[in-house]
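Structural description and commentary
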Amino acid sequence: KAGVTQTPRYLIKTRGQQVTLSCSPISGHRSVSWYQQTPGQGLQFLFEYFSETQRNKGNFPGRFSGRQFSNSRSEMNVSTLELGDSALYLCASSSGQIHGQETQYFGPGTRLLVL
Amino acid sequence: GESVGLHLPTLSVQEGDNSIINCAYSNSASDYFIWYKQESGKGPQFIIDIRSNMDKRQGQRVTVLLNKTVKHLSLQIAATQPGDSAVYFCAENMEETGGSYIPTFGRGTSLIVHP
C-alpha cells in the first residue's frame, strides 16, 4: 500500500499571500488530520476531517482552513500568511473507525517558508 | 490548555543498552496515549500505543508503561540500535465535550545511539 503523500514538499511564500497544501491518505483511510510542527511550539493539531466533514479542530486562527473531498484527499489553506506560519505541515491518515483511538500514519510533510 | 511534557530533551546511550524515555502528562481525562519516532526529514512514525485502562503494553523491543497516579508515561527500548536514533514524541488524546478528540504532543526527546 502506498503511504500518505503530501504535495508540494517545499514551498516559499511571502507575507500576505495564501497557500494551499495537499494530502493523499492511505487507500481506504477516511480520516485526515493536519498538524503544524515548529521548533518553538512543537507538533500542534490543526484539524481533522472525516467523510468530508471537519470532526475536530485545534486552537488555530480562522486563517487556517481545510477541506476533504469524496475520495478522502484533503487540502489545507492558509490565508494572509505571516512569518510565524513558517513550519513543517504534516498530514496523517487513519481509518477513522475508532474515533480518537487508532493509529495515525503520517506523511513526510510540506516545509513552508514565509519571507 | 493542558500540555504533555518530556523530562529530558536529549538522551545519549551506547548501542546495546536499554533506553528509557519519559513523559509527563497533565490531563487526567486523557484516555489514549501514543509514542512516535521522527527521523530527520521524515514525518512521525507510530511506535506503540496504550489505553488508559492498561498500565503496560509491549511491542517488538519496545514497552510502554503508564502510571495514571502520577500521570507519567515511559517508553523503554531494549537493546538500542543506531537506527533507533531519532526524536521521540509522546502524545495524548482526550475526548472533549461533544465527542471530539484533541491530540496533544510533547516537545520530544532526541535519542542518540553511539555505536
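Residues numbered from 1 in each chain as written. Chains lettered and ligands numbered in written order. Predicted model: local features only at pLDDT ≥ 70, side-chain atom pairs only at ≥ 80, totals over all residues. Heavy atoms only, no water.

Some points on unusual backbone geometry
Residue and element names in this part refer to chain A. A cis geometry characterises the amide bond from Thr7 onward to Pro8, with omega recorded as -10 degrees. Examined against the element boundaries, Pro8 turns out to sit in the loop between β1 (5–7) and β2 (10–13). Even without glycine at this site, Thr80 takes up a positive phi of about 45 degrees. Accessibility expressed as a relative area gives 46% for Thr80, which makes it partly exposed. (Helix = DSSP H or I, 4+ residues; strand = E, 2+ residues; numbered from the N terminus. Buried < 20%, exposed > 50% of the residue type's maximum accessible area, 1.4 Å probe, protein only.)

Some words on the packing of aromatic side chains
Counting across every chain of the model gives eight aromatic pairs over all chains. Note on Phe47 of chain A and Tyr49 of chain A: the rings are 5.7 Å apart at their centroids and 75 degrees apart in plane angle, and the pair reads as edge-to-face. Assigned by exposure class, Phe47 of chain A and Tyr49 of chain A land together as buried. For the ring pair Tyr25 of chain B and Phe33 of chain B, a centre distance of 4.6 Å and an interplane angle of 50 degrees mean the geometry is tilted. An identical accessibility class is assigned to Tyr25 of chain B and Phe33 of chain B; each is buried. (Phe/Tyr/Trp six-rings, centres within 6.5 Å; stacked < 30°, edge-to-face > 60°.)

Some thoughts on the sheet that holds strand β7 (residues 64–68) of chain A
Residue and element names in this part refer to chain A. Read across the sheet, four strands follow the order β1-β3-β8-β7 without closing on themselves; strand pairing throughout is antiparallel. The open sheet terminates on both sides in strands that have one partner only, identified here as β1 and β7. Strand after strand, the sheet turns through a mean of 20 degrees between neighbouring axes, direction not considered. (Pairing = 2+ DSSP bridges. Axes fitted to C-alpha atoms, helices over the stretch in contact; angles between N-to-C directions.)

With respect to the side chain of Ser22 of chain A
All names here are of chain A. Among the secondary structure elements, Ser22 is positioned in strand β3 (residues 19–24). Side chain to side chain, Ser22 and Arg73 meet in a polar contact 2.9 Å long. Sequence-distant contacts of Ser22, defined by excluding residues within four places in its chain, comprise Thr5, Gln6, Thr7, Trp34, Arg73, Ser74 and Glu75. (Polar contact = N/O pair within 3.5 Å; in protein donor to acceptor, adjacent residues only side chain to side chain. Contact = heavy atoms within 4.5 Å.)

Describing empty space enclosed by the protein
Tallied over the entire structure, the rule returns two cavities of 30 Å³ or more. Lining the largest cavity are 22 residues; nearest its centre among them are Ser33, Tyr35, Gly100 and Gln104 of chain A together with Asn93 of chain B. For the lining of the largest cavity, the secondary-structure elements that each account for two or more residues are β4 (31–38), β5 (42–50) and β6 (53–57) of chain A together with β4 (32–38), β9 (86–95) and β10 (101–105) of chain B. Here the lining of the largest cavity is composed, by residue class, of 10 nonpolar, nine polar and three charged. (1 Å grid on protein atoms, 1.4 Å probe; cavity = no way out; pocket = protein on both sides within 12 Å on 5 of 7 lines; lining within 4 Å. Points joined across faces, edges and corners; volume = space filled by probe spheres on them. Nonpolar A, V, L, I, M, F, W, Y, C, P; charged D, E, K, R; others polar.)

Remarks on the pattern of salt bridges
In a structure, side chains of opposite charge can pair up when their charged atoms sit close to one another. Evaluated as defined, the whole model comprises eight salt bridges over all chains. Between Glu48 of chain A and Arg55 of chain A there is a salt bridge, and its shortest N-O distance comes to 2.7 Å. According to the relative accessible area criterion, Glu48 of chain A is buried, its value standing at 5%. Judged by its relative accessible area of 24%, Arg55 of chain A is partly exposed. Of the charged contacts, one joins Glu39 of chain B and Lys42 of chain B as a salt bridge, the two residues approaching to 3.8 Å between their closest N and O atoms. (Salt bridge = Lys/Arg side-chain N within 4 Å of Asp/Glu carboxyl O.)

Some points on the interface of chain B and chain A
Across the contact, 20 residues belong to chain B and 23 residues belong to chain A. Where chain B abuts chain A, roughly 1,700 Å² becomes buried across the two surfaces, and 51% of that area is made up of carbon and sulfur atoms. When the buried area of chain B at its contact with chain A is split by residue, Tyr101, Phe105 and Arg107 of chain B rank highest and sum to 29% of it. Seen at the junction of chain B and chain A, the total is zero salt bridges. At the surface where chain B touches chain A, the tally comes to three residue pairs in polar contact (both at pLDDT 80 or more). With four residues, the top contributor of residues to the side of chain B that touches chain A is β10 of chain B. Residue composition of the side of chain B that touches chain A, by class: nine nonpolar, six polar and five charged. (Buried area = accessible area lost by both parts, 1.4 Å probe.)

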